[in-house]
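Geometric and topological summary
Below are the chains, spelled out letter by letter.
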Amino acid sequence: MKGEEARLGTVPASDVARLILGVERAMARAASVVLGRPKMTSGRYDEVIERAVRLKLRSVEEGSVVPVMELPDGVAPEGGTLDVDVPSLGESALERLLDAADPRQRPDRVVAKALLELADALHVGERYESITFDMHADLRRRETRVDAATRSGLRAYVESAPAPPARPDAVVGVLVEADFEKRSARLRTPTQPAVVVSFTDDLDDDVYGALRQRTTLEGEVAYDPKTNVARSVSLRSVTRGEQLVLGVDTHEYWRESSLEDLAREQGAGAPIDPSSFRDAGASDRERDAFMAALAEL
């Protein structure tokens, strides 16, 4: 990081952490593109991606704040290998991320958005003048600078994206309502606005049975072009949360009980003999005073 605030003793430690974690997140998004499975939704990445972008901090050098990080060794993509000059998934993901700094080259918009989010999080062009990536790989060296102009260009490029086509995917949440005449429903998720669900009449029973339960919906998922979050699902199949609970009576698990029923099942609410209370730190006089106060009640 470069700028007036980017000096050891001045830069907030939280910004250094934000830089390191932000680079890992952006590389993970780029790695998902390398593998041909662009990550659009929130949640964990595949294990191979998480291992490939788990950076090691070697040092933080003086001057402009320079975290020196190292990629993991030899994490190759699933299903094959890359060119000998790009031996690991992490290295390939970093290359894709640096390519995205030039929107004129028409980089993948998923990767461009990841780099833009990193620049936004660090207020590049406002709090800090720029971020410079200095990549060393074998005998190759590459330096890429992200500044205010880069950030502005990335934003224009990302926001100009046409609506991405619907693609096969799954969305997890709670079905909070359904209209069986219009064959539409609404899925609430923890991290994004409600997702509109459309379904055919042969899925009526599945949708009805999944209402108010944690559910996985599989189908053709359409994404918002700016946020890359799921916007709608054309439903193919429903997996209710209760089907994932192993070794448990699912009917009993989802049964709703009143407070009175729960108290009765747990043996709560029955009269208790106050003399059974015991405080090892209390004197006899204190215990007698406590019992006398209870008797007055």
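The model shown is predicted, which means the values in this text are computed figures rather than measured ones.

So, how was this worked out
Residues numbered from 1 in each chain as written. Predicted model: local features only at pLDDT ≥ 70, side-chain atom pairs only at ≥ 80, totals over all residues. Heavy atoms only, no water. Axes fitted to C-alpha atoms, helices over the stretch in contact; angles between N-to-C directions. Helix = DSSP H or I, 4+ residues; strand = E, 2+ residues; numbered from the N terminus. Parallel < 35°, antiparallel > 145°, perpendicular 65-115°, else oblique. Left-handed = near helix turned anticlockwise from the far one by under 90°. Contact = heavy atoms within 4.5 Å. Nonpolar A, V, L, I, M, F, W, Y, C, P; charged D, E, K, R; others polar. Patch = residues over 30% accessible without salt bridge, like charges linked within 9 Å, V, L, I, M, F, W, Y side chains within 5 Å. Areas by Shrake-Rupley, 256 points an atom, 1.4 Å probe, with all protein chains shown as cover. Salt bridge = Lys/Arg side-chain N within 4 Å of Asp/Glu carboxyl O. Lys, Arg positive; Asp, Glu negative; His and termini not counted. Charge placed at Lys NZ, Arg CZ, Asp CG, Glu CD. Expected span 1.5 Å × (residues − 1). Buried < 20%, exposed > 50% of the residue type's maximum accessible area, 1.4 Å probe, protein only. Polar contact = N/O pair within 3.5 Å; in protein donor to acceptor, adjacent residues only side chain to side chain. Pairing = 2+ DSSP bridges.

So, on to the packing of helix α4 (residues 109-121) against helix α5 (residues 148-159). Between α4 and α5, the least distance of the axes is 9 Å, while the angle of their chain directions is 140°. In terms of orientation, α4 and α5 fall into the oblique class. Helix-helix and strand crossings are classified by hand; for α4 and α5 the assignment is left-handed. Between α4 and α5, the contacting residues are R109, A112, K113, L115, L116, A119 and D120 on the first element and R151, L154, R155, Y157 and V158 on the second. In terms of residue class, the contact of α4 with α5 is made up of seven nonpolar, no polar and five charged.

A contiguous patch of negative charge on the surface is contributed by D201, D202, D205 and D206. Inspection of the secondary structure assignment puts D205 in helix α6 (residues 204-210).

To continue, consider α4. If you check α4, its first and last C-alpha atoms are 18 Å apart, about what 13 residues at 1.5 Å a residue would give, namely 18 Å. All of the buried residues in α4 are V110, V111, A112, K113, A114, L115, L116, L118 and A119. Elements that come into contact with the buried residues of α4 comprise α1 (13-34), α3 (89-99), β3 (130-137), β4 (140-147) and α5. Measuring from the backbone nitrogen of V110 back to the side-chain oxygen at the start of α4 gives 2.8 Å, which picks out D108 as the cap. Following α4 by one or two positions, H123 adopts a phi angle in the positive range, close to 55°.

It is worth spelling out the pattern of salt bridges at this point. This structure, assessed with the given rule, holds 17 salt bridges. The shortest N-O distance in the salt bridge between E177 and R186 comes to 3.4 Å. Salt bridges sharing partners connect three or more residues here, namely D120, E126, R151 and R155.

Our focus in this paragraph is the sheet that holds strand β7 (residues 195-198). The mixed closed barrel is built from five strands, whose spatial order is β5-β6-β7-β9-β8. With strand direction ignored, the average angle separating the axes of adjacent strands in the sheet is 55°. In the sheet, strand β8 (residues 214-223) pairs with strand β9 (residues 230-240) via nine bridges, with the strands oriented antiparallel. The residue of β9 that forms the bridge with T215 is R240.

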